Amino acid sequence: MVDTNNAEGRKRVLVLGCTGSIGTSTLDIARNEPSYAVCGLTANKNAEKLALLGAEFSCPTLLASAVARDCLKDAFASFIAETRPDIIVNGIAGSAGLVPSIAALEAGVDLALANKESVVMAGPLIFALAKKNNCRILPVDSEHSAIFTLLRQCGRENVDRLVITASGGPFRTWEKERIKNATLADALKHPTWSMGTKITVDSASLGNKGLEVIEACRLFSFSADDVQVVVHPQSIVHSLVRTRDGAIYAQMSEPDMKHPIISALSYPAVRENFMKPFDLTDFVCGETVRTLTFEKPRTDAFPLLSIAFGAARTDGFAPIAFNAANEVAAGAFIEGKIGFGRIPEIVGATLDAENWAGDVRDLKDVFESDLRAREIAAGFISGS
C-alpha cells in the first residue's frame, strides 16, 4: 500500500480518469516519486479497479457513472473540496472531461490537462476561469507539453511557427482506398502509443491530430496558418517551434506519457526524476539502428486534418462542431455502424451543414452547439 496519509510537504494530486492511460501513468509516477501524494481518484465505470486503487493510495474515490449527469459539476466540486488537491490531472477522454475541468478551475486549482476537448470546446471560457481564479492550465498532451516548454525556452515573442508532430498512425503507408475500408482491428494497431479505443481510432484517422491543431491555436494564441503538422513515425520529437530567424528547436524523449505528466506536476521547476534520461546515441546507435524521419501529412488520404484546420480558422463554434461530429462518427465506426472512410465524410458534412462562426459567450452556448452538431452528425449516419 502507498502511504499518502502522511503528505506533509508533498504535492497533493487528484487524478481524474485514474483507470485510463493518463491516469495509470500518473499513478506510476506517484509510486516512484515521493514528492507527490495521491489525494483522490475518479473513474467513469471501472468500479472494481477504482476501489483497488483507492485502497492502494489510501484516498477517497468518486465513480462518475454513479452520479446523475445534471449533478456532475456539483459532485466534482464537492470531491475537490473534500480531497484538497494542489493540482488536478484531468485524464478523462472526450467531451466528458469538460465539466471536471470547469470544476477544477472554479475551485482555483492548477489543472494538468490531458483532456484536449476542454480547450477545443471551451478554450476562451476556461482560460478566463483560470485567470479569474489565479490558477494555471498546464498541457499534458506530449505535443503541447513540448510546445509549452519550447516557448518558455525560446521566448513566445521570438517564435513564428508551431510544428506539431504526428506518428501517422497504423495507416501511414496505406493507399487511400485501402484506408477507407479499414476495420476496427486495423485501426487499433497503433505503432507507437498504447491508448484507449476512441483516441486510437482518432489517431488512425488523424482526427486526434486535428484536435491538437485546434488546441495548439487556442492554448498558445497562434493562428491556424502559423501551425504546421509533420509526420514523424518514430515519435521521438514531440513537437518543434520555428523562431523568426528560421531556426527550428525540438523537444525529444522516448514516447512515454510520464514525461509530460511529470513536467506538469513539477512546473515551474525542472527536476531530476526516476525516468531514464534520453540519450540520442542509444536511440540511433543501439542494437537496432533507427533513423528519425519527417514527412508531409497526406491530407488527401486523411481529410480530417484539413477539416480541422478549417475549423480552427473559422473558430467560434466550429471547433465544438468538429469535436462533436468526430465523437459521433468515430463512435459509430467503433460500434460497426459505418465504415472507416465515412468518419471524415460525416464530420465534413456536419461542418458544412450550418454556419458555425460566431462568439461563444458562455457554457450554455457550448453545450447547445455541441448537441446540435451531434444531432446533425447522427442524422447523416442514420441516412447512410
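Scope of this entry: the structure provided in the associated data block. (Residues numbered from 1 in each chain as written. Predicted model: local features only at pLDDT ≥ 70, side-chain atom pairs only at ≥ 80, totals over all residues. Heavy atoms only, no water.)

Glancing now at the overall build of the chain. When helices and strands are counted, the chain shows 16 helices and ten strands. For 384 residues, the compact-globule estimate of 2.2 N^0.38 gives 21 Å, and the chain sits close to it at 20 Å. Projected onto its principal axes, the C-alpha coordinates of the chain cover approximately 55 × 55 × 40 Å. For the chain, the residues scored as buried account for 53% of the 384 residues in total. Long-range pairs, those at least 24 residues apart, make up 69% of the contacts in the chain between residues at least 6 apart in sequence. Accessible area for the chain stands at about 17000 Å²; split by element, carbon and sulfur atoms hold 50% of it. Averaging the coordinates of the 39 positive side-chain charges in the chain and doing the same for the 46 negative ones gives two points 1 Å apart. (Helix = DSSP H or I, 4+ residues; strand = E, 2+ residues; numbered from the N terminus. Rg over C-alpha atoms; globule rule 2.2 N^0.38 Å. Buried < 20%, exposed > 50% of the residue type's maximum accessible area, 1.4 Å probe, protein only. Contact = heavy atoms within 4.5 Å. Areas by Shrake-Rupley, 256 points an atom, 1.4 Å probe, with all protein chains shown as cover. Lys, Arg positive; Asp, Glu negative; His and termini not counted. Charge placed at Lys NZ, Arg CZ, Asp CG, Glu CD.)

In this model, helix H15 (residues 342–353) (twelve residues) spans 16 Å end to end at C-alpha, consistent with the 16 Å of a helix rising 1.5 Å per residue. Turning to H15, its buried residues are Ile343, Pro344, Ile346, Val347, Gly348, Thr350 and Leu351. Buried residues belonging to H15 abut helix H9 (197–205), helix H13 (304–314), helix H14 (318–334) and helix H16 (363–382). (Expected span 1.5 Å × (residues − 1).)

Our focus in this paragraph is the sheet that holds strand E2 (residues 36–43). Reading across the sheet, the six strands line up as E3-E2-E1-E4-E5-E6 and stay open at both edges, with parallel pairing between neighbours. Taken across any chain shown, the strands that pair with only one partner, and hence form the sheet edges, are strand E3 (61–63) and strand E6 (137–139). For this sheet, the mean inter-axis angle between neighbouring strands, taken without regard to orientation, is 20°. Of the strands in this sheet, strand E1 (11–16), strand E4 (87–90), strand E5 (110–113) and E6 touch helix H4 (residues 98–106), which is tilted by about 155° from E5. (Pairing = 2+ DSSP bridges. Axes fitted to C-alpha atoms, helices over the stretch in contact; angles between N-to-C directions.)

Three or four residues apart is the spacing at which side chains of an α-helix point the same way, because the helix has 3.6 residues per turn. Counted at 1.5 Å a residue, the expected span for helix H1 (residues 21–32) with its twelve residues is 16 Å, and the 17 Å between its end C-alpha atoms agrees. Of the positions making up H1, those classed as buried are Ile22, Gly23, Ser25, Thr26, Leu27, Ile29 and Ala30. As for H1, its buried residues are in contact with E1, E2, helix H2 (47–57), E4 and helix H11 (258–266).

Counting 90 residues, the largest nonpolar core has Ile126, Leu162, Phe171, Phe322 and Phe340 as its most contacted members. Broken down by element, this core gets its largest block of residues, eleven residues, from H14. In this structure, Phe322 is in contact with Gly207, Gly210, Leu211, Ile214, Leu304, Ile307, Ala308, Ala311, Val347 and Leu351, ignoring residues within four places of it in sequence. Core analysis: the next-biggest nonpolar cluster, separate from the first, contains 29 residues, Val13, Ala30, Met257 and Leu265 among them. (Core = buried A, V, L, I, M, F, W, Y, C linked by side-chain atoms within 4.5 Å.)

Below, the discussion takes up the side chain of Asp141. Take Asp141: it is sitting in the loop between E6 and helix H6 (142–154). Of note is the side chain of Asp141, whose polar atom sits 3.4 Å from the side chain of Lys116. Those residues in contact with Asp141, other than ones at most four positions away along the chain, are Leu113, Ala114, Lys116, Glu212, Glu215, Met257 and Pro260. (Polar contact = N/O pair within 3.5 Å; in protein donor to acceptor, adjacent residues only side chain to side chain.)

With that settled, consider the side chain of Asn90. Within the secondary structure, Asn90 is located in strand E4. Overall, Asn90 belongs to the buried group, its relative accessible area being 0%. Separated by 3.0 Å, the side chain of Asn90 and the backbone nitrogen of Ile92 make a polar contact. With sequence-adjacent residues up to four places away left out, Asn90 is seen in contact with Leu16, Gly97, Pro100, Ser101, Leu111, Ala112, Leu113, Ala114, Asn115 and Ser118.

Here we come to the packing of aromatic side chains. Within the structure shown, the criterion is met by four aromatic pairs. An angle of 55° between the planes, with centres 5.3 Å apart, marks the rings of Phe148 and Tyr267 as tilted. With Phe148 in helix H6 and Tyr267 in the loop between H11 and helix H12 (280–285), the pair connects residues that are 119 residues apart, well separated along the chain. Taking the centre distance of 4.5 Å and the plane angle of 45° together, the rings of Phe171 and Trp174 count as tilted. Residue class for Trp174 comes out buried when judged on its relative accessible area of 13%. An aromatic cluster is defined as three or more aromatic residues linked by ring pairs; in this entry it consists of Phe171, Trp174, Phe333 and Phe340. (Phe/Tyr/Trp six-rings, centres within 6.5 Å; stacked < 30°, edge-to-face > 60°.)

So, on to the environment of Tyr36. Take Tyr36: it is sitting in strand E2. Tyr36 gets classed as buried once you look at its relative accessible area, which sits at 6%. On a C-alpha basis, the gap between Tyr36 and Asp86 in space is 10.0 Å, while along the polypeptide they are 50 residues apart. Each residue touching Tyr36, except ones within four places of it in the same chain, is listed here: Arg10, Lys11, Val13, Ile29, Ala30, Ile262, Leu265, Ser266 and Arg271.

Another aspect to go through is the pattern of salt bridges. Tallying each qualifying case throughout the model produces 22 salt bridges. Linking Lys73 and Glu106 is a salt bridge whose minimum nitrogen-to-oxygen distance equals 3.1 Å. Of the two residues, Lys73 sits in helix H3 (residues 72–83) while Glu106 sits in helix H4, which places them 33 residues apart along the sequence. Take Lys73: its relative accessible area is 35%, and that puts it in the partly exposed class. Residue Glu106 is classed as partly exposed on the basis of its relative accessible area, which comes to 41%. Within the structure, one salt-bridge network assembled from shared partners comprises Asp28, Asp256 and Lys258. (Salt bridge = Lys/Arg side-chain N within 4 Å of Asp/Glu carboxyl O.)

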